[in-house]
Each structure stands twice: as C-alpha cells, then as structure tokens.
Amino acid sequence: MRWSERRARFRALLAGDRCVHPGSVFDPLSARIAEEVGFEAGMFAGSVASLTVLGAPDLIVLTLSEFAEQAYRINRAAELPLMVDADHGYGNALNVTRTVEELEAAGVAGLSIEDTLLPQPYGAGGKAQLVPLEEGVGKMRAALAGRRDPDLVIAGRTSALSVTGLDDAIRRVTAYEAAGVDALFLIGVKTKEQLAALRQAVTLPFILGGAGPEILDLDYLSAMGVRLCLQGHQPFMAAVQAVYDTLAALRAGTPPKQLAGVAPPELMQRLTRDSEYEARMKEWLAD
C-alpha cells in the first residue's frame, strides 16, 4: 500500500493556498465514490465510525481496534488521502501513542487528537468538558512520539470556543502549536472575529468542523489559512435513509424492479472493480 504517497499529497493540501471540503466517507465503496467524483481528501469521523461499526451514538463506546480496522478497510480500497478523527486518543497520553501507531499502520494520511474530556464523566449532565491544558499538551506530545512516518499529519483539536471561550481557545492552540503538531483542528468557529483572533495567535494551517455560515466562503477561508473545512456527514445519513426507504418499500410490496434510487449495474461494477477481478479470473482460473 502506498501510504507515504497519499500522505505527501495530504501534506501538500495543508501547505497549499486553498481551502477544500473533504468528502465524508465511512466504508470502502463510499471512499471510492468520493475519489471518483473528485474530492481531494476523505474524512472519517469517530461519530460516523460508531454509527457504521456499532449502530451506536457518538459516546466513545467504539474501541481503537474497531476504528483502526475500519480505517484500514477504507484505505485499502481507495487512493484517497484519509483524515481521521481519533477523538481523545482512546485514553490517556500512553493510549494516544498507541492510537497513533495503530492508525499509522492502518494507512491514514492524518489524524486529530482532541482535548475534550472523554468519555463523559459521571455527573457531566451531557455538557462537554475539556482536560486541563497541561494534559492536552501532553497528549499532543504523546501523539508526536508515536509517529514513525514523518509525513503522517497530526492535528491538535479543540472545542474550547464552544466550551470555555475564545481566550482559552487561543491559549490551547498556541500551546499545541508549540508542542509541535502539524495543524490545528477547530470546532465551532462561528464568526470572522473569532477566526481572525485565532489566526493572529498561530501560524499553523487550520481544519474547521462545525463552522458557522458567516465564514463559509472558500475564498475567505483560504485567505485565513484554513485548508480543510468539514461539511458534515450527510453521505452516511443519506445512505441510511435510502436503505430504510428501500426496505420499507419492499416490505410494503413494491416489486424490486419498481424501486427508486437503486444503483445501476454499471455503477456497481465500476465501484467494485469488477473488470479487474474478471481479468484476474481469466488469467489465473481459466482451464
């Protein structure tokens, strides 16, 4: 597998001068589709992984091995550079190092480690909390220590803007940049004022999730050093709706040939690389 080549392409995106939207992917076929329609990178979120692998909400009940295995399946099937959300690193700083080792072996091009206190502790009442800044810095250093391929991108992620405010967000991104991460993953930037304050504090490229409509202009984001801006995870939700509607229609008596929205054979053959398998069968299994 050509992990280094796709990591180099991902680093080139971060080093470039344009912001792009990554394609939200969740399995081998979705990654091939994102690649075919022209996305420059894929994004595999922890929340989507929990839904895909367990059918469970995003409450950190997924394990590292389950997450890494699904990331490997995605990477094995497509050449798309894959950025993954590694949540809190599945534990303390020691676990973070192990998380980086496993995800690097699974072929990811980049990963983020966040400073949210996860899983939510007793008594939190559903409100997000952050680990102390010192612990967050320790996790970033642990992530860097776990990296073997220098082209693997490690991003420090924080939700401080929506949890503890702008001043704390600035303290955290400044400290994570000083720790040596390659990019900063910011959750919940809503205004140009917030983004400008953060941009003034650090020089690393930004990755944004949950950005507000005021800033969602690719030219503006590009000028502000944002290189990836997530759009959400609608492809998985659309897939769920399509499966639900199809099964409901079949259960209600709709003949299979009358179903709407079914992928045609030509598309399925292309996405599953049918012609490659056919050629191999003729070469290796023919009489």
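Parameters and conventions
- In every chain, residue numbers begin from 1 and rise along the written sequence.
- For a predicted model such as this one, the threshold for reporting local features is a pLDDT of at least 70, and the threshold for listing and counting side-chain atom pairs is 80 or more; totals across whole chains, interfaces and linings nevertheless cover every residue.
- To get the side-chain values, all heavy atoms of the structure are used, and hydrogens and water are removed first.
- Strands pair, by our definition, only if DSSP identifies at least two bridges between them.
- Put simply, DSSP marks the helices as runs of H or I at least four residues long and the strands as runs of E at least two long, and each gets a number from the N terminus on.
- Between rings of Phe, Tyr and Trp, where Trp is taken as its six-membered ring, a pair exists when centres lie within 6.5 Å; planes separated by under 30 degrees are stacked, by over 60 edge-to-face, and by other angles tilted.
- Any residue under 20% of the maximum accessible area for its type is buried, any over 50% is exposed, and the rest in between are partly exposed; the area is computed with a 1.4 Å probe on protein chains only.

Student: Help me understand the sheet that holds strand β5 (residues 153-158), please; the structure alone is not making it clear to me.
Tutor: Within the open sheet, the eight strands sit side by side as β1-β2-β3-β4-β5-β6-β7-β8. Their pairing is parallel. In this open sheet, the two edge strands, each paired with only one partner strand, are β1 (23-24) and β8 (226-229). Looking at chain direction, β5 and strand β6 (residues 183-187) are connected through four bridges and run parallel. When the bridges of β6 are listed, Ala-155 appears paired with Ala-183.

Student: What's the story with the packing of aromatic side chains in this structure? I'm lost.
Tutor: We describe a pair of aromatic rings using the distance from one ring centre to the other and the angle between the two ring planes. According to the stated counting rule, one finds four aromatic pairs in the structure shown. Measuring from centroid to centroid gives 6.4 Å for Trp-3 and Tyr-72, while their planes differ by 80°, and the two rings are edge-to-face. Taken together, the residues span a long stretch of sequence, with Trp-3 in helix α1 (residues 3-15) and Tyr-72 in helix α4 (residues 64-77) at a distance of 69 residues. For Tyr-72, a relative accessible area of 34% gives the class partly exposed. Aromatic pair Phe-67 and Tyr-90: ring centres 6.3 Å apart, planes at 40°, arrangement tilted. Of the two residues, Phe-67 is situated in helix α4 and Tyr-90 in the loop between β3 (82-85) and α5 (93-105); the sequence distance between them amounts to 23 residues. On the basis of relative accessibility, which here comes to 16%, the residue Tyr-90 falls in the buried class. Ring pairing ties together the aromatic residues Phe-44, Phe-67 and Tyr-90, which thus form one cluster.

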